Each structure stands twice: as C-alpha cells, then as structure tokens.
Amino acid sequence: MTLTVLIADDHPIMRDGLRAALSAEPDLEIVGEAADGEQAVRLAAELRPDVVLMDLRMPGVDGITAIRRLGGTGPRVLVLTTFDTDVLPALEAGASGYLLKDAPPEELVRAVRATHRGETVIAPAAAGRLAESVRRPARGTLSERELEVLRLVAGGASNKEAAARLFISEASVKTHLLHIYTKLDVRDRAAAVGEAYRRGLLAT
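1. Remarks on the packing of helix α9 (residues 170-184) against helix α10 (residues 189-198)
The packing of two helices is summarised by the inter-axis angle and the distance between the axes.
Reasoning step 1: Close contact between α9 and α10 brings their axes to 10 Å; oriented N to C, the two are set at 55 degrees. One element, α9, and the other, α10, form an angle in the oblique class. Here the hand of the crossing between α9 and α10 comes out left-handed. Residue-level inspection shows L177, I180, Y181 and L184 of α9 in contact with α10, the latter providing R189, A192, E195 and A196.
Reasoning step 2: Among the residues making up the contact of α9 with α10, the classes are represented as six nonpolar, no polar and two charged.

Okay, structure coming up:
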C-alpha cells in the first residue's frame with residue numbers, strides 16, 4: 001500500500017531534500033509541497049495525504065497553528081523542525097510525532113511509517129525537552145525571583161543584563177523565563193510582560 005505524504009516547509013532546499021529522501025522508498029509518495037502553514041492546511045484538505053511533514057517556524061501561519069486547523073480528523077502530522085523547544089505545544093496542538101531536521105534519512109522514513117501506523121515518534125532531544133516541560137511548575141503565582149526577572153525584562157534588560165543585576169547565570173534567567181511563560185500561558189518575552197501588566201503583577 002502506498003503511503004502519501006505532504007511536505008510543509010518554507011525552505012525550498014529542505015523540501016527538495018525531503019522529497020529525494022522519501023521518494024526513494026517504493027511505498028512512499030510525495031503528493032504535494034507547502035511553503036507555509038496556510039498552504040499546508042489547504043493542500044491537506046485537497047490532497048488528503050496520510051501524513052503531513054510539518055515544519056513549525058514558517059512565515060504567515062506557523063506550523064502549530066496549522067496543526068490545530070487540521071484538527072483530529074485530518075492527516076496525521078509528524079513535526080520536522082530544527083528546534084526541540086516546541087514539542088509540548090506541538091503535541092498539544094495535535095501532532096502525532098516530533099522529529100528534528102538533523103535526523104538521518106532512514107530515521108525519517110521509519111518515523112513517517114510509524115506515524116501512519118498511529119504510533120507516537122519523538123526525537124530523544126525533544127523527549128528530554130518534553131520531560132522538562134512536564135516538570136515545570138504549574139500555571140499560577142510567580143515566585144519573587146521570577147517577578148524580579150520579569151521586572152527587569154519589562155524594563156528592557158537582556159538576559160545577560162538581568163543575570164548581572166541579580167548575580168545569577170544567564171542560564172538561570174532563561175529557566176526563570178520559561179517558568180514565567182508557563183505560568184502566564186504565553187510564548188515569548190513581550191507577551192509575558194503584557195500579560196503581567198494585565199494581571200497587575202507589574203506596576204504601570
């Protein structure tokens with residue numbers, strides 16, 4: 001049985017490489033290519049592939065938004081990305097697996113087939129990040145140290161500057177920021193500051 005695949009990635013060279021790797025397999029057929037999330041959702045509806053290989057960081061509609069739009073009734077989605085930082089949001093959005101772009105071709109082929117079978121495939125580095133996400137504090141009240149970091153960030157301080165002001169490492173600042181993002185249910189610094197002001201955690 002032929003397994004059909006849609007590739008969604010904004011880099012033409014990456015799409016060419018994926019097409020070459022997958023087309024070499026007799027049971028895999030590339031039925032389409034998308035350069036952004038909007039196009040991926042449209043082509044998935046038109047072509048009805050078995051598996052969508054989805055990059056996450058694309059212009060316009062990003063991969064996670066596209067995965068949500070595909071919904072549970074669409075094709076299974078295997079994320080293929082450079083970063084191991086978005087594994088939990090991707091899985092929560094409905095992705096069936098999470099692979100990194102440095103995976104060898106044979107691992108990619110196995111992952112596509114496994115995703116089609118309904119198995120969950122997660123790259124080791126992404127699995128470690130997922131475990132870290134699960135261990136993070138639940139959404140809720142920020143600690144005093146987290147508030148200190150957030151106040152400095154709101155004032156325009158970089159991670160390096162915040163670390164120097166608080167006499168901690170840059171790595172510690174990054175960890176505090178990740179906890180802040182989780183507790184405030186946001187994804188970046190600007191959104192964290194905005195949400196903190198909205199909740200009255202920072203003085204206006």
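2. Focus on the side chain of D55
Reasoning step 1: For D55, the position within the fold is in the loop between β3 (51-54) and α3 (63-70).
Reasoning step 2: Given the relative accessible area of 4%, D55 is considered buried.
Reasoning step 3: At a separation of 3.4 Å, a polar atom in the side chain of D55 contacts the side chain of K101.
Reasoning step 4: Each residue touching D55, except ones within four places of it in the same chain, is listed here: A8, D9, D10, G63, L80, T81 and K101.

3. As for the sheet that holds strand β1 (residues 3-8)
Reasoning step 1: On the basis of which strands lie adjacent, the open sheet formed by six strands has the order β2-β1-β3-β4-β5-β6 and parallel pairing. The sheet terminates laterally at β2 (28-34) and β6 (121-122), the two strands that pair on one side only.
Reasoning step 2: In this structure, β1 lies alongside β2, joined through six bridges in parallel fashion. For A8, the partnering residue across the bridge sits in β2 and is A34.
Reasoning step 3: Helix-sheet contacts for helix α1 (residues 12-23) involve β1, β2, β3 and β4 (76-81), and the interaxial angle to β2 is about 165 degrees.
Reasoning step 4: The strands touched by helix α5 (residues 105-116) are β1, β2, β3, β4, β5 (97-100) and β6; relative to β4, the strand with the most contacts, the crossing angle is about 155 degrees.

4. Quick notes on the environment of A24
Reasoning step 1: Tracing the chain through its elements places A24 in the loop between α1 and β2.
Reasoning step 2: On the basis of relative accessible area, A24 is assigned to the exposed category, the value being 58%.
Reasoning step 3: Sequence separation of A24 and G94 is 70 residues, and the distance between their C-alpha atoms is 28 Å.

Conventions and cut-offs
Residues numbered from 1 in each chain as written. Predicted model: local features only at pLDDT ≥ 70, side-chain atom pairs only at ≥ 80, totals over all residues. Heavy atoms only, no water. Axes fitted to C-alpha atoms, helices over the stretch in contact; angles between N-to-C directions. Helix = DSSP H or I, 4+ residues; strand = E, 2+ residues; numbered from the N terminus. Parallel < 35°, antiparallel > 145°, perpendicular 65-115°, else oblique. Left-handed = near helix turned anticlockwise from the far one by under 90°. Contact = heavy atoms within 4.5 Å. Nonpolar A, V, L, I, M, F, W, Y, C, P; charged D, E, K, R; others polar. Buried < 20%, exposed > 50% of the residue type's maximum accessible area, 1.4 Å probe, protein only. Polar contact = N/O pair within 3.5 Å; in protein donor to acceptor, adjacent residues only side chain to side chain. Pairing = 2+ DSSP bridges.

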